[in-house]
Amino acid sequence: MLVLDGKIAAAAVKATLLEQTQTLKAAGKRMPHLAAILVGNNGASETYVASKVKNCEETGFGSSLYRLEADVEESVLLAKIAELNKDPNCDGILVQLPLPKHIKESKVIEAIDPTKDVDGFHPVNVGRLVQGLNTFIPATPYGIILMLEHYNIETKGKNAVVIGRSNIVGRPMSILLSSNIAQGNCTVTICHSHTKNLKEVCLGADIIVAALGVPNFLTGDMIKPGAVIIDVGITRVEDTTAKKGFRIKGDVNYEEACTKASAITPVPGGVGLMTIAGLLKNTMKAYQGL
Ligand code: NAD
């Protein structure tokens, strides 16, 4: 069984990006720049944003982190976005989700200039994705595609099952896997909380992408021998024996899945690292122009 190691695949993506920034630097050019906005101090969001900023530094990108209080008015956040939209030194804008309840997420996403929308959540970019046009692919599905590419996983003609239909993972993932691209051309079934006979659906899958946020949901008896398993789930599960008081759990029962799968992503160390690789590639794309 092959472990699809996010550390290795992400390092390969980052090495190429570093080469590109070094070439830009040698030519005296401006570096690609990512602006991240963090509202409030949600623990997981803090970790994600810090990691994104660190990865920017490692690949030679510039980055700025703007912190806003949890009770900030929506208009203040929108004004910050408007300012960054106009800033010629800012290539990519990322607003870390989720946002506090009083702020309308869709309004914030639509306020970002689509040419700087490196998360790929703006309806213009989603529309372009659906139509197979050049766009910013949402970072997590993009990272998964990069992972499949790195490990040469054949997808053409395969049955793929995506569990979860969110705008940031499941739905764009299902579109990509069904698209006429190198890591696509699958026959895709998208499952969600109302899907009946999920176990039977999964047993027909050559590739399963689990993105529902329920720890250990996908068990060994739901997996066809030889299937490729992509675990997107990240849930903090309380564990008093762990240093931080919690452990990160994926949506797949890893031990059971290992007895059936031909390839699998671990959690942590799998899709999470590829998400950042996808974001960095999008930021370079925004710098170069869509
Ligand atoms: P979400 O809550 O927005 O969506 C979950 C989806 O799963 C929904 O469409 C729902 O219908 C479906 N679902 C829920 N319970 C189900 C069930 N019992 N059977 C079938 N479908 C069910 O979640 P999300 O934002 O898409 O995130 C999913 C998971 O992926 C979370 O654990 C999240 O933390 C993780 N995540 C990881 C990364 C990464 O970089 N690795 C990035 C984004 C999200």
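Residues numbered from 1 in each chain as written. Predicted model: local features only at pLDDT ≥ 70, side-chain atom pairs only at ≥ 80, totals over all residues. Heavy atoms only, no water.

*Asks:* Help me understand helix 10 (residues 271–288) in this model?
*Replies:* Note that an α-helix has 3.6 residues per turn; residues three or four places apart therefore point the same way. Between its first and last C-alpha, helix 10 extends 26 Å over 18 residues, near the 26 Å set by a 1.5 Å rise per residue. Among the residues trailing helix 10, Gly-289 stands out with phi positive, at a value near 95°. (Helix = DSSP H or I, 4+ residues; strand = E, 2+ residues; numbered from the N terminus. Expected span 1.5 Å × (residues − 1).)

*Asks:* I keep staring at the site of the ligand and nothing clicks. Help me out?
*Replies:* Taken together, 20 residues sit near the ligand, with Arg-165, Ser-166, Val-232, Ile-234 and Thr-275 positioned nearest. Contact between the ligand and Arg-165: an oxygen atom at 2.9 Å from a main-chain N or O atom of the residue. At a separation of 3.1 Å, an oxygen atom of the ligand approaches a polar backbone atom of Ser-193. (Near = heavy atom within 4 Å. Polar contact = N/O pair within 3.5 Å; in protein donor to acceptor, adjacent residues only side chain to side chain.)

*Asks:* How should the packing of aromatic side chains be read in this particular structure?
*Replies:* The description of two aromatic rings rests on the distance between their centres and on the angle between their planes. For the structure on display, the rule yields zero aromatic pairs. One Lys or Arg, Lys-80, reaches over the ring of Tyr-66 and ends 4.0 Å from the middle of that ring. (Phe/Tyr/Trp six-rings, centres within 6.5 Å; stacked < 30°, edge-to-face > 60°. Lys NZ or Arg CZ within 6 Å of the ring centre and 35° of its normal.)

*Asks:* Is there a simple way to explain helix 2 (residues 43–58) in this structure?
*Replies:* When the terminal C-alpha atoms of helix 2 are compared, their 23 Å separation across 16 residues agrees well with the 22 Å that a helix rising 1.5 Å per residue should span. All of the buried residues in helix 2 are Ser-45, Val-49, Lys-52, Val-53, Asn-55 and Cys-56. Within helix 2, the buried residues cover an arc of 160° as seen down the axis, which keeps them to one side. Against helix 1 (6–26), strand 2 (33–39), strand 3 (62–68), strand 4 (92–95) and helix 10 lie the buried residues of helix 2. Looking at the residues trailing helix 2, positive phi occurs at Gly-60, about 85°. (Buried < 20%, exposed > 50% of the residue type's maximum accessible area, 1.4 Å probe, protein only. Arc of directions from axis to C-beta. Contact = heavy atoms within 4.5 Å.)

*Asks:* Is there a simple way to think about the sheet that holds strand 1 (residues 2–3) in this case?
*Replies:* Each strand in a sheet pairs with its neighbour through backbone hydrogen bonds, running either in the same direction (parallel) or in the opposite one (antiparallel). As summarised here, the arrangement of the six strands in space is 1-11-8-7-5-6, forming an open sheet in which the pairing is parallel. At either end of the open sheet lies a strand with only one pairing partner, and these are strand 1 and strand 6 (187–191). Here four bridges tie strand 5 (residues 159–163) to strand 7 (residues 207–210), and the two strands are oriented parallel to one another. Its bridge partner being in strand 7, Ile-163 is matched across the sheet by Ala-210. Strands in contact with helix 7 (residues 170–178) are strand 5, strand 6 and strand 7; relative to strand 6, the strand with the most contacts, it is inclined by about 170°. (Pairing = 2+ DSSP bridges. Axes fitted to C-alpha atoms, helices over the stretch in contact; angles between N-to-C directions.)

The quantities given are spatial measurements derived from coordinates; they are silent on function.
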